[in-house]
Amino acid sequence: MPEGHTIHRAARDQRPMLVGKALDVSSPQGRFMEGAARLDGRICTAIDAYGKHLLYRFDDLSLHIHLGLFGRFRCSKRPAAEPKGEVRIRMISDSHVVDINGPNSCEVLDPPEALALTSRIGPDVLRSDADPDSAWARISKSRTSVGQLIMDQSVMAGIGNIYRSEILWRQRIHPHVPGQRLARADFDRIWEDSVTLLERGVKANAIITVEGAKKSKSRYGERVNIFAKDNCPACGGAISAFEIAGRRAFACEACQPKP
């Protein structure tokens, strides 16, 4: 599933393509024809990212996209080519074509519905209006592990499975530490490192948590320290793998002592 940097990068890239322009909106696949008809011909006024959610604004309406596991964006210059695959929604401006394939959520929201959605999302580490104190208020009172809490998008938005393991390893905090046993200084370091790494991810369009590294030649260009690795790059010890709320997590038991 795309992590927060992917959605913010998509918003950044698509703004000059779509914002301020009247869009031809359609559903080549046919599964979003009613929603597309409500947006067709309208001017896109803004594109906002909230964690793993993207909102295309059209005055009094918003198009909500959550890619989920299989969704993807395809952007190209005009003229529009034939849709590739099952395109749920296609938006065409005077200069570009944006196709969205297989999103988990694709819906048109009125203002109260859009507000209800964004109100459910925790502070996004990549947004300038994010309030880390509200995340700390939830985490500091919880018996749930910090490894689960920072992946909870209602607590702290944007962090996915890879960033979770990488950030906690970089800060030498074990994922099983209960939120209520986390010191405020440790939370502040988690927040600050999250901002640093996700901003780096937006810039590189890839997850890069290894200091001084550039994108790899793999499909997604990732450069990570411990995620899906066998040995810790700091101490050489074995990396432990385990599940947290159904998702695979990694830690170095030497560098990140268990609580």
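Structure: above.
Computed from a predicted model, the values in this text were never measured in an experiment.

Draft legend 1. Structural view of the sheet that holds strand β7 (residues 96–101). Across the sheet, which stays open at both edges, the four strands sit in the order β1-β6-β7-β5 with antiparallel pairing between neighbours. With one partner strand each, in any of the chains shown, β1 (24–26) and β5 (72–77) form the two edges of the open sheet. Within the sheet, the average angular offset between the axes of one strand and its neighbour, ignoring direction, is 15°. Of the pairings in the sheet, the one linking β1 to strand β6 (residues 87–92) comprises three bridges and is antiparallel in character. From the neighbouring strand, V25 faces β6, where its bridge partner is M91. The strands touched by helix α1 (residues 4–18) within the sheet are β5, β6 and β7, with β5 carrying the most contacts at an inclination of about 30°.

Draft legend 2. Spatial organisation of the packing of aromatic side chains. Under the definition given, this model contains three aromatic pairs. With centroids separated by 5.5 Å and ring planes inclined at 40°, the aromatic side chains of W136 and F187 adopt a geometry described as tilted. Taken together, the residues span a long stretch of sequence, with W136 in helix α4 (residues 132–139) and F187 in helix α7 (residues 184–204) at a distance of 51 residues. Residue classification places W136 among the buried positions, given a relative accessible area of 16%. Look at F187 and you get buried, because its relative accessible area is 1%. Consider the rings of F187 and W191, whose centres lie 6.3 Å apart with planes at 45°: the pair is tilted. One end of the pair, F187, and the other, W191, are both in helix α7, four residues apart, so they sit about a helical turn from each other. Of the two residues, F187 and W191, both sit in the buried class. Each member of the aromatic cluster is reached from another via a ring pair, and the members are W136, F187 and W191. Looking at R127, its charged tip hangs above the ring of Y50, at a distance of 4.1 Å from the centre. Here the basic side chain of R172 rests over the ring of W169, its NZ or CZ set 4.4 Å away from the ring centre.

Draft legend 3. Representation of the nonpolar core in the model. By size, the foremost hydrophobic cluster in this structure holds 36 residues, and its most contacted members are V146, I150, M156, L182, F187, I190 and W191. A per-element tally of this core places α7 first, with seven residues. The residues contacting M156, other than those within four sequence positions of it, are G122, P123, V125, I150, F187, I190, W191 and S194. Core analysis: the second largest hydrophobic core is formed by 27 residues, A10, V25, A36 and F73 among them.

The rules behind these values
- Residues numbered from 1 in each chain as written.
- Predicted model: local features only at pLDDT ≥ 70, side-chain atom pairs only at ≥ 80, totals over all residues.
- Heavy atoms only, no water.
- Pairing = 2+ DSSP bridges.
- Helix = DSSP H or I, 4+ residues; strand = E, 2+ residues; numbered from the N terminus.
- Axes fitted to C-alpha atoms, helices over the stretch in contact; angles between N-to-C directions.
- Contact = heavy atoms within 4.5 Å.
- Phe/Tyr/Trp six-rings, centres within 6.5 Å; stacked < 30°, edge-to-face > 60°.
- Buried < 20%, exposed > 50% of the residue type's maximum accessible area, 1.4 Å probe, protein only.
- Lys NZ or Arg CZ within 6 Å of the ring centre and 35° of its normal.
- Core = buried A, V, L, I, M, F, W, Y, C linked by side-chain atoms within 4.5 Å.

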